[in-house]
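Chain by chain, the residues run as shown.
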Amino acid sequence: MATNTKQDKVNWTARELRQAEFQPVKYLIDKIHPQGFSFLGGRPKIGKSFLEFQKCIAIANPNGSLFGCSAMTGRVLYISLEDNGRRLKRRLDMMLNSMGIKDPSWLDNLEIVTNWRRFDKGGVEDLGNRLNKKKYIYCVTDTYRKVFPMKDNDSGVVTQFLNPIHALTTSGEFSFEFVDHHRKNNQLNNKCHYSCKL
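Residues numbered from 1 in each chain as written. Predicted model: local features only at pLDDT ≥ 70, side-chain atom pairs only at ≥ 80, totals over all residues. Heavy atoms only, no water.

### Structural notes on helix H3 (residues 85–98)
For H3, spanning 14 residues, the distance from its first C-alpha to its last is 20 Å, which sits close to the expected 20 Å at 1.5 Å a residue. For H3, the set of buried residues is Leu88, Arg91, Leu92, Met95 and Leu96. Seen from one end, H3 has its buried residues packed into an arc of 125 degrees, which puts them on one side. Along H3, the residues that are exposed and aim more than 90 degrees away from the buried face are Arg86, Lys89, Arg90, Asn97 and Ser98. Where the residues of H3 are buried, they touch helix H2 (48–60), strand E8 (75–80) and strand E9 (110–113). (Helix = DSSP H or I, 4+ residues; strand = E, 2+ residues; numbered from the N terminus. Expected span 1.5 Å × (residues − 1). Buried < 20%, exposed > 50% of the residue type's maximum accessible area, 1.4 Å probe, protein only. Arc of directions from axis to C-beta. Contact = heavy atoms within 4.5 Å.)

### Details of unusual backbone geometry
Each neighbour pair has its own omega, and for Asp142 with Thr143 the value is 15 degrees, a cis peptide bond. On the secondary structure map, Thr143 appears in the loop between strand E10 (136–142) and helix H5 (144–147). Despite not being glycine, Lys45 shows a phi value in the positive range, around 65 degrees. Inspection of the secondary structure assignment puts Lys45 in the loop between strand E5 (37–42) and H2. In this structure Lys45 comes out as exposed when scored by relative accessible area, which is 74%.

### A closer look at helix H6 (residues 155–168)
Taking 1.5 Å of rise per residue, the 14 residues of H6 would be expected to cover 20 Å, and the 20 Å separating its terminal C-alpha atoms lies within 8% of that figure. Considering bend angle alone, the principal kink of H6 is centred on Leu162 and spans about 30 degrees; proline Pro164 follows within four residues of it. Its buried side turned inward, H6 meets E5, helix H4 (123–133), H5 and strand E11 (175–181). (Bend = angle between axes of the 7 residues up to and from the residue.)

### Structural notes on the packing of aromatic side chains
Taken as a whole and judged by the stated rule, the model has 13 aromatic pairs. Ring geometry for Phe53 and Tyr78: centres 5.4 Å apart, planes at 45 degrees, overall tilted. Placement of Phe53 in helix H2 and of Tyr78 in strand E8 is noted, with a sequence separation of 25 residues between them. Neither Phe53 nor Tyr78 differs from the other in exposure class; each is buried. On the basis of an interplanar angle of 85 degrees and a centroid distance of 5.2 Å, the ring pair of Tyr144 and Phe178 is categorised as edge-to-face. You can see Tyr144 sitting in helix H5 and its partner Phe178 sitting in strand E11, a full 34 residues away along the chain. Both residues of the pair, Tyr144 and Phe178, count as buried. Following the ring pairs from residue to residue traces out a cluster consisting of Phe37, Phe39, Phe119, Tyr144, Phe148, Phe176 and Phe178. (Phe/Tyr/Trp six-rings, centres within 6.5 Å; stacked < 30°, edge-to-face > 60°.)

### Observations regarding the packing of H4 against H6
Axis separation between H4 and H6 bottoms out at 10 Å; the angle between their running directions is 15 degrees. By the angle between their axes, H4 is roughly parallel relative to H6. Here H4 and H6 pass one another in a crossing that is left-handed. Contact residues: Val124, Leu127 and Leu131 in H4; Phe161, Pro164, Ile165 and Leu168 in H6. Taken together, the residues of the contact of H4 with H6 break down into seven nonpolar, no polar and no charged. (Axes fitted to C-alpha atoms, helices over the stretch in contact; angles between N-to-C directions. Parallel < 35°, antiparallel > 145°, perpendicular 65-115°, else oblique. Left-handed = near helix turned anticlockwise from the far one by under 90°. Nonpolar A, V, L, I, M, F, W, Y, C, P; charged D, E, K, R; others polar.)

Printed below as a string of structure tokens:
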């Protein structure tokens, strides 16, 4: 007999796990981007930031979609740390013009920030305060290295500051994503890929 399961349950017997029923995964962008905590990674200059901006617009738009897949609707915070307002305006105008959109009221659902404190220097607290004031369903930080520029990439330090952000996503009401550049030569160097914590 199957039983409904609390999402935060962490201890199981094998029988309990066999009998458990979980809620289906929810998607920000249907079939493309599941809710939760995620990284979008790939080598520089292959369109990650452009794709991310498209996703933000799709989620902010009540009738939004991306590549024909419908989007969840809500307020979005885009922390864009590698672009200035002039470049972002050019991209926004180009995207909206291509969709035949003039000046819709839902543009206020998308908030764009081009400066943010490092996450180990108060940026995590800033994010928490911002989220408490407004009900965002999605936040993206582009790029990871701008808020975690530690040369030694100390995993303990990184985990210390990522854990509070991940905790914000466990309710299923809020999702967070980092954009990350992979500069080393590896088998993923020519591709974008996702790493998700659902």
